Amino acid sequence: LVAPVLAEIFAWANYFAVAAVDPSANLNDLNWSSAIRTVLFWTWFFLAWAGLYLALMYGFDVHEEQRRSAELRERAHVAQLRALHSQINPHFLFNSLNSVSALIIDRKTELAEEMVTKLAQFLRLGLAADPKGKIPLSREIGLQRLYLDIERLRYPDLIVDIRLPEELADALVPSLILQPIVENAVKYGVAGAPPPAALSINASSREGQLCLEVVDAGKGGTAASGVGIGLSNIARRLELIYRKDRVSLAAAPGSGGEFRVRITIPLERS
């Protein structure tokens, strides 16, 4: 709106400036046709200038809005991961404290004390893990070993078989991604099963994909369709951390009666 006014002011200022320095200029012989053409020229110039300014400011505004939108999406993403991660630890803590209580009632104080010590160590390491970060597979397996050591105080006959190839020790996985699966395996495949109960954790790789598999003997109880809140959380976490088409989660009984849960994610190394 100001551009036409500025154009006329600038045109007349330019005209009088030329007249002031050019002795041959005569204000009495003003050519109004030339003056109008000059004003129109500078009007288009200022309009173009204003248009360029508005386009640049609009571009800056769009860029800032995109940045803010990306930041908000990232915050929402992290909040979802933290919410899903926080649902794991209370469930495990509840089960473990019940186990400690049972041992105390049975007057197995030494086992109860050992379980509390291992539980404290597990929580210290597990709660320190960043829910939106990744940790080496060797550390994730180490956490599950510690968890299973706690459970073996309840189930002394539990046979644990963990197979982690050395070349996959530094593979990156979301922190505590195996925890709900192992918990389910103990809850549904070990608890109530006739001895000896067995549980295995296997890691393998193929064509740039990392495969993690948890297998229990399948002699205990059976989870409804094999997918509870723990497995639902895992599926959601994997979709948030990776693209949905790059991950898979399968849970089903095996041909030998065992129950298998398999996760496939992109193979990344630390």
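Residues numbered from 1 in each chain as written. Predicted model: local features only at pLDDT ≥ 70, side-chain atom pairs only at ≥ 80, totals over all residues. Heavy atoms only, no water.

A.B. asks: Got a minute to help me understand the sheet that holds strand S2 (residues 159-163) in this structure?
C.D. replies: Whenever strands of a sheet pair, they do so through backbone hydrogen bonds, lying parallel or antiparallel. The strand order across the open sheet formed by 5 strands is S2-S4-S5-S7-S6, and the pairing between neighbours is mixed. Edge positions in the open sheet fall to S2 and strand S6 (248-253), since each of these has one partner strand only. Neighbour-to-neighbour, the strand axes of the sheet open up by a mean angle of 10°, direction not taken into account. Bridge count between strand S5 (residues 209-216) and strand S7 (residues 259-266): 8 bridges; the pairing is antiparallel. Bridge assignment links Asp216 to a residue of S7, and that residue is Phe259. Where helix H5 (residues 137-154) meets the sheet, it contacts S2, strand S4 (198-206) and S5, and its direction lies at approximately 175° from that of S4. Docked against the sheet, helix H6 (residues 179-190) engages S4, S5 and S7, running at close to 20° with respect to S5. (Pairing = 2+ DSSP bridges. Helix = DSSP H or I, 4+ residues; strand = E, 2+ residues; numbered from the N terminus. Axes fitted to C-alpha atoms, helices over the stretch in contact; angles between N-to-C directions. Contact = heavy atoms within 4.5 Å.)

A.B. asks: What is the right way to look at a nonpolar patch on the surface in this model?
C.D. replies: A surface patch of nonpolar side chains, about 640 Å² in accessible area, is lined by Leu52, Tyr53, Leu54, Leu56, Met57 and Phe60. By the element assignment, Leu56 lies in helix H2 (residues 32-86). (Patch = residues over 30% accessible without salt bridge, like charges linked within 9 Å, V, L, I, M, F, W, Y side chains within 5 Å. Areas by Shrake-Rupley, 256 points an atom, 1.4 Å probe, with all protein chains shown as cover. Salt bridge = Lys/Arg side-chain N within 4 Å of Asp/Glu carboxyl O.)

A.B. asks: Just checking my understanding: could you explain H5 for this structure?
C.D. replies: Within an α-helix, residues lying three or four positions from one another point in the same direction, as the helix has 3.6 residues per turn. If you check H5, its first and last C-alpha atoms are 26 Å apart, about what 18 residues at 1.5 Å a residue would give, namely 26 Å. Of all the positions in H5, only Leu137, Glu140, Ile141, Leu143, Gln144, Leu146, Tyr147, Leu148, Ile150, Glu151 and Leu153 are classed as buried. (Expected span 1.5 Å × (residues − 1). Buried < 20%, exposed > 50% of the residue type's maximum accessible area, 1.4 Å probe, protein only.)

A.B. asks: Just to check I follow, could you spell out the pairing of S4 for this structure?
C.D. replies: For a regular strand, the rule is simple: side chains alternate between the two faces of the sheet. The pairing of S2 with S4 spans 5 bridges and is classified as parallel. Residue pairing across strands places Ile159 opposite Ala198, the latter belonging to S4. Bridge analysis of S4 against S5 gives 8 bridges, and the strand direction is antiparallel. Bridge pairing in S5 links Ser200 to Val215. Counting the residues that bridge the hairpin from S4 to S5 gives 2 residues, and of these Glu207 lies at a positive phi of roughly 50°.

A.B. asks: Would you take a moment to explain the packing of H5 against H6 for this structure?
C.D. replies: A packed helix pair is summarised by two numbers, namely the angle formed by the two axes and the spacing between the axes. The interhelical angle for the contact between H5 and H6, taken along N-to-C directions, is 25°, at an axis separation of 10 Å. Relative to H6, H5 is oriented roughly parallel. Viewed along their axes, H5 and H6 form a crossing whose handedness is right-handed. In contact with Glu140, Gln144, Tyr147, Leu148 and Glu151 of H5, H6 contributes Gln179, Val182, Glu183 and Val186. Along the lines of polarity and charge, the residues of the contact of H5 with H6 split into 4 nonpolar, 2 polar and 3 charged. (Parallel < 35°, antiparallel > 145°, perpendicular 65-115°, else oblique. Left-handed = near helix turned anticlockwise from the far one by under 90°. Nonpolar A, V, L, I, M, F, W, Y, C, P; charged D, E, K, R; others polar.)

A.B. asks: What's the story with a negative patch on the surface in this structure? I'm lost.
C.D. replies: A cluster of acidic side chains, namely Glu110, Glu113, Glu114 and Asp149, defines a negative patch on the protein surface. Counting residues per element, the negative patch draws most heavily on helix H4 (residues 109-127), at 3 residues. Within the secondary structure layout, Glu113 lies in helix H4. Judged by its relative accessible area of 56%, Glu113 falls in the exposed class. (Lys, Arg positive; Asp, Glu negative; His and termini not counted. Charge placed at Lys NZ, Arg CZ, Asp CG, Glu CD.)

A.B. asks: Where do I start with the environment of Leu212 in this structure?
C.D. replies: One can find Leu212 in strand S5. Given the relative accessible area of 3%, Leu212 is considered buried. Leaving out residues up to four positions away in the same chain, Leu212 has contacts with Leu137, Val173, Leu178, Asn202, Ala203, Val261, Arg262 and Ile263.

A.B. asks: Sorry if this is basic, but what is going on with the nonpolar core here?
C.D. replies: As a rule of thumb, soluble globular proteins bury nonpolar side chains together. The biggest cluster of nonpolar side chains holds 47 residues, and the ones touching the most others in it are Leu137, Leu178 and Ile201. If you look at the next biggest cluster of nonpolar residues, it comprises 6 residues, including Ala3, Ala7, Val39 and Trp42. (Core = buried A, V, L, I, M, F, W, Y, C linked by side-chain atoms within 4.5 Å.)

A.B. asks: I tried to follow the packing of aromatic side chains on my own but got confused; where do I start?
C.D. replies: What characterises a pair of aromatic rings is the spacing of the ring centres plus the angle enclosed by the ring planes. Following the criterion strictly, the structure yields 1 aromatic pair and no others. Here Phe45 and Trp49 contribute two aromatic rings whose centre-to-centre distance is 6.0 Å and whose plane-to-plane angle is 65°, an arrangement assigned as edge-to-face. Taken as a pair, Phe45 and Trp49 lie in helix H2 at a separation of 4 residues, close to a single helical turn. (Phe/Tyr/Trp six-rings, centres within 6.5 Å; stacked < 30°, edge-to-face > 60°.)

A.B. asks: Even after reading the chapter, I still don't get the side chain of Ser200, so can you show me in this structure?
C.D. replies: With respect to the helices, strands and loops of the structure, Ser200 is situated in strand S4. Contact partners of Ser200, with chain neighbours within four places excluded, come to Asp161, Glu213, Val214 and Val215.

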